[in-house]
Amino acid sequence: MSTGMIVLSAVLVALLFTPFIFFRDGKEKNRKKALLALLTEMAAADGGHLSVHELWNNAGIGMDAQNAFLVFARGEEAQRQTARIRLNQVKSCRVDVVSRTVERKSDAVKIIEVVALELQMKQARETSKRLVFYDSEVDGFAVSNELRLAELWQTRIREVLGSAPERVARTAVA
């Protein structure tokens, strides 16, 4: 009889938590769908379409490789940062990693604070474009795959630009 109570309790607990799991996943899918729609709309505004895109956390990036056009969006809808960049106006692209080293008694720990793609423009009067993939103040303290994504997109952009990869790391000791 006690086994029956354990099974019944497990089923009731599962039934209790199931709606929360489905609603959370549904909200995530809707957010990603809306972000992809925004990127697609941004690309279509210049007569293009996304040939490749990537969505993560609360950000997305896409490229129309045929027309050499890049679109980027990050943040919540109220304070969203967006960028549309013609790659024929870009001189160079590099991954910029800002980190700090925290000294402890026995060792030092490197903490990544920002991962971004830095796009240097051909025109000197245009400022460089900085596409932030990860910011510890917004995204929390754990970098998941943002560094890998930034390096992947650096490679994709450089293929269009015809240049070799480069990675710059800036470290401050705290």
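Heads up: these notes are all about the structure in this document. (Residues numbered from 1 in each chain as written. Predicted model: local features only at pLDDT ≥ 70, side-chain atom pairs only at ≥ 80, totals over all residues. Heavy atoms only, no water.)

## A few points about the sheet that holds strand 1 (residues 52–56)
Let me state the cut-off plainly: Strand pairing is assigned whenever DSSP detects at least two bridges linking the two strands. A run of DSSP states H or I qualifies as a helix once it reaches four residues; a run of E qualifies as a strand once it reaches two. Both are numbered from the N-terminal end. Here an angle of 0 to 180 degrees is reported between the N-to-C directions of two axes, which are lines fitted to C-alpha atoms, with helices fitted over the stretch in contact. Residue contacts are defined here by distance: any two heavy atoms, one from each residue, within 4.5 Å place the two residues in contact.
Strand order in the open sheet formed by four strands is 1-2-3-4, with antiparallel pairing between adjacent strands. With partners counted over all chains shown, the strands left at the sheet margins are strand 1 and strand 4 (81–86), one partner each. Taken over all neighbouring pairs, the strand axes of this sheet differ in orientation by 5° on average, direction set aside. By the bridge criterion, six bridges tie strand 3 (residues 69–74) to strand 4 in an arrangement that is antiparallel. Considered in strand 4, the bridge of phenylalanine 72 is made with alanine 83. Packing of helix 3 (residues 146–161) onto the sheet brings it into contact with strand 1, strand 2 (59–64) and strand 3, and relative to strand 1 it is tilted by some 165°.

## Topic: the side chain of aspartate 135
Going by this rule: For the exposure calls, accessible area comes from a 1.4 Å probe over protein chains only, and a residue counts as buried if that area is under 20% of its type's maximum, exposed if over 50%, partly exposed in between. In this count, Lys and Arg are taken as positive residues and Asp and Glu as negative ones, while His and the chain termini are left out. We count a salt bridge whenever a side-chain nitrogen from Lys or Arg sits within 4 Å of a carboxyl oxygen from Asp or Glu.
Counting through the fold element by element, aspartate 135 comes out in strand 7 (residues 129–135). No salt bridge forms around the buried aspartate 135; measuring N to O, its nearest opposite-charge neighbour arginine 74 is 5.2 Å away.

## Comments concerning the nonpolar core
Here is the rule: Nonpolar cores were defined as sets of buried Ala, Val, Leu, Ile, Met, Phe, Trp, Tyr and Cys residues, with membership established by side-chain atoms within 4.5 Å.
Counting residues in hydrophobic clusters, the biggest one holds 27 residues, and the most contacted among them are Ile61, Leu70, Ile85, Leu117, Leu119, Leu131 and Phe133. For this core, the elements supplying multiple residues, two or more each, are strand 2, strand 3, strand 4, strand 5 (90–103), strand 6 (108–121), strand 7 and helix 3.

## A look at empty space enclosed by the protein
With a probe scaled to a water molecule rolled over the atoms, the places where space remains empty come into view. Threshold: Cavities and pockets are defined on a 1 Å grid built over the protein atoms alone: a cavity is a set of grid points where a 1.4 Å probe fits but cannot escape, while a pocket is an open set with protein on both sides within 12 Å along at least five of seven lines, and lining residues are those with an atom within 4 Å of any such point. Grid points are joined across faces, edges and corners, and a volume is the space filled by probe spheres set on the points. Residues are grouped as follows: Ala, Val, Leu, Ile, Met, Phe, Trp, Tyr, Cys and Pro are nonpolar; Asp, Glu, Lys and Arg are charged; every other residue, Gly included, is polar.
In the structure shown here, the tally under the stated rule is one cavity of 30 Å³ or more. Space inside the largest cavity adds up to approximately 30 Å³. Split by residue class, the lining of the largest cavity holds two nonpolar, three polar and three charged.

## Digging into helix 3
Operational definition: A helix is expected to reach a length of 1.5 Å times the quantity of its residues less one.
Here helix 3 contains 16 residues, and its C-alpha end-to-end distance of 22 Å stays within 8% of the 22 Å for a straight helix at 1.5 Å per residue. At the C-terminal side of helix 3, glycine 162 shows a positive phi close to 80°.

## Thoughts on the pattern of salt bridges
Across all of its chains, the model carries seven salt bridges by this definition. With a closest N to O distance of 3.9 Å, glutamate 54 and arginine 156 form a salt bridge. Residue glutamate 54 is located in strand 1, and its partner arginine 156 is located in helix 3; the two are separated by 102 residues in the primary sequence. With a relative accessible area of 23%, glutamate 54 lands in the partly exposed category. With a closest N to O distance of 2.8 Å, aspartate 139 and arginine 74 form a salt bridge. In this pair, aspartate 139 sits in helix 2 (residues 136–139) while arginine 74 sits in strand 3, placing the two residues 65 residues apart along the sequence. Look at arginine 74 and you get buried, because its relative accessible area is 7%. Look at the salt bridges and you will find they share partners, linking Arg94, Asp96, Glu118 and Arg130 into a network.

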